[in-house]
Structures are given as C-alpha cells and as structure tokens.
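Listed below are the residues making up each chain.
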Amino acid sequence: MATASPTAAPWRSILLDHFQTMNSPEFVLSTLHPSPDAETQYVPRARTVIYRGTWGSLPVNPKNQAELNPDVYESDLLTLTTDSRMGKVPELLKTASDTKLQSGEGGPVEAVIWAVEPKTQWRVRGHSYIIGPDIDSAAAAPVRAALTNHMREKGNTDSWSWSRELTAHFGNLNPMMRGSFRNPPPGTPLSQKPAEGLGLGQKVEDLNDKIARDNFRVVIIVPQEVDRVDLSDPAEGKRWNYTFVGSDNVGTWKTTELWP
C-alpha cells in the first residue's frame, strides 16, 4: 500500500488551484458494483460529487461554527461527503457486508475532474477510506493508523482530533445540505413512509444533530496514480502521469511526460 511522501505531491498545488477556478468543484467518482451476472464480477458505477478539501487541511469557512483542529497536518488526500445510506457506500467499503461498520478501508476508485478555465482533465486513481462517527474508537484504530501514514506533520499533533475534523466537515456544509442527511432513505419507494424525523427540505443548525450525524460520512481518496491532460493550447496538448512508488513508511512520486 502506498504511504505518504515526505513532501507534497508534484500535482497537488496545480490541482488545488484548478479546483479554485471552478464555480462548483464537482467531479465524477467511479466505483465498482457487485454484478448480478455470475459471469461478470463487477460493473462500473459513476456519480457527480463535490470536492470538500484535502483531509487534515479543511478550507476555512467563516460560517462554520464547529471547533477546528489546529493547522498541523497537510495531505494529498481528496475528500467528499456522503450519506451512509447511499448506494456508493457499500461499494466504497471492503467489508460492506458488516452493516455495523461506520469507518473503514475501501476499494478502488477513480475521480475524473474537468477544469473548464484551465482546460485540463484530471484522473485520480487510488482507493478510499470512509470516516464515520466511530472514528475515535478502538475498532477504527487501523483506519486512523493507515491514514496517518498519508498525513504530513507541520507542527505538534498532540491536540489534533479525528472526530473534531469529522464535525468540522459537517459544519462546513450549509444548513440545507446538513438537512439532506435527514432525508428519507435514498432510493426507497415513495410509498414507503419515512421514519419519524425524516423528510425532505429540512435545515439542520445543530452540528450534533443525532439523525443527521448518524448518516453523515466523509470519504477520503488516497491517490496512487494521477493523469493530467492540459488542452489549453489546441496546437500543443500536454500530458503527465504521476505514479506513487512507495515502500515501508515512505514513498515518492514518479513523473512521466506523455503524448496527449
């Protein structure tokens, strides 16, 4: 498994700058779905999601009322948020059969980003982790240990908290978006009456709202290969491949320039 580079990935600052140029930092996330066809083990699934920052370096939002962690970590880990009841969650978790699992390691993913203004397409390939309400528990220790290997220390990390970071991600959402975690179970028939407390169009101001927080998850993408195609000059397209080469607790990125 890839582990953290002692320095930022060579693609990191460029990709983060490109996200800043986007009106909404959307990208397509692809996962593998178990196939009902016995001859085909998996089928692809893709959906549009929102980039929420890099793990450990949450973007500052003046409207976020959550207590923030000290700025002592940096990472190359991309994040998004999801509802634990969404179909992609079992696709993201290796142990999807364990319905009690909240935080865990996931399988392979690919993120495809089209940055309109810089005219650049990005493909980020790697694997995922899910962070849930049990992230500070003993059961989630392997998740914390694995992700810590991908986080670069910038200062004293003794007071940094995983659950505080999770709450800060929830606080970074607007009240209507937080309320979506109180929606009826996604994909269930309209004829099925929602449980008490569930319904569309709710606003959640309480950052510790039990129903919403029970359903809230942060998904972390651990990049292992990044493909960047720059089409800003139609007469001279450019392309780079960045591949992570790791061993033990340290790794480096290998950069190869390609024909577009």
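See above for the structure.
Values in this document were obtained by computation on a predicted structure and should not be read as measured data.

Quick word on the pattern of salt bridges
All chains considered together, the criterion is met by 14 salt bridges. Of the charged contacts in the structure, one is a salt bridge between Arg152 and Asp76, with a shortest N-O distance of 2.8 Å. Here Arg152 is found in strand β7 (residues 151-153), whereas its partner Asp76 is found in the loop between β3 (73-75) and β4 (78-83), with 76 residues between them in sequence. With relative accessibility at 9%, the residue Arg152 sits in the buried group.

Re a nonpolar patch on the surface
Together, Trp114, Val116 and Leu231 make up an exposed nonpolar region whose accessible area comes to about 290 Å². Relative to the elements of secondary structure, Trp114 occurs in strand β5 (residues 104-115).

What about the side chain of Thr167?
Mapping Thr167 onto the fold places it in helix α4 (residues 162-171). Overall, the relative accessible area of 18% leaves Thr167 in the buried class. Among residues more than four places away in sequence, those in contact with Thr167 are Ala66, Leu207 and Arg213.

A word on α4
Among the 10 residues in α4, 8 count as buried, and that is most of the element. By the burial criterion, the buried members of α4 are Trp162, Glu165, Leu166, Thr167, Ala168, His169, Phe170 and Gly171.

Rules and cut-offs
Residues numbered from 1 in each chain as written. Predicted model: local features only at pLDDT ≥ 70, side-chain atom pairs only at ≥ 80, totals over all residues. Heavy atoms only, no water. Salt bridge = Lys/Arg side-chain N within 4 Å of Asp/Glu carboxyl O. Helix = DSSP H or I, 4+ residues; strand = E, 2+ residues; numbered from the N terminus. Buried < 20%, exposed > 50% of the residue type's maximum accessible area, 1.4 Å probe, protein only. Patch = residues over 30% accessible without salt bridge, like charges linked within 9 Å, V, L, I, M, F, W, Y side chains within 5 Å. Areas by Shrake-Rupley, 256 points an atom, 1.4 Å probe, with all protein chains shown as cover. Contact = heavy atoms within 4.5 Å.

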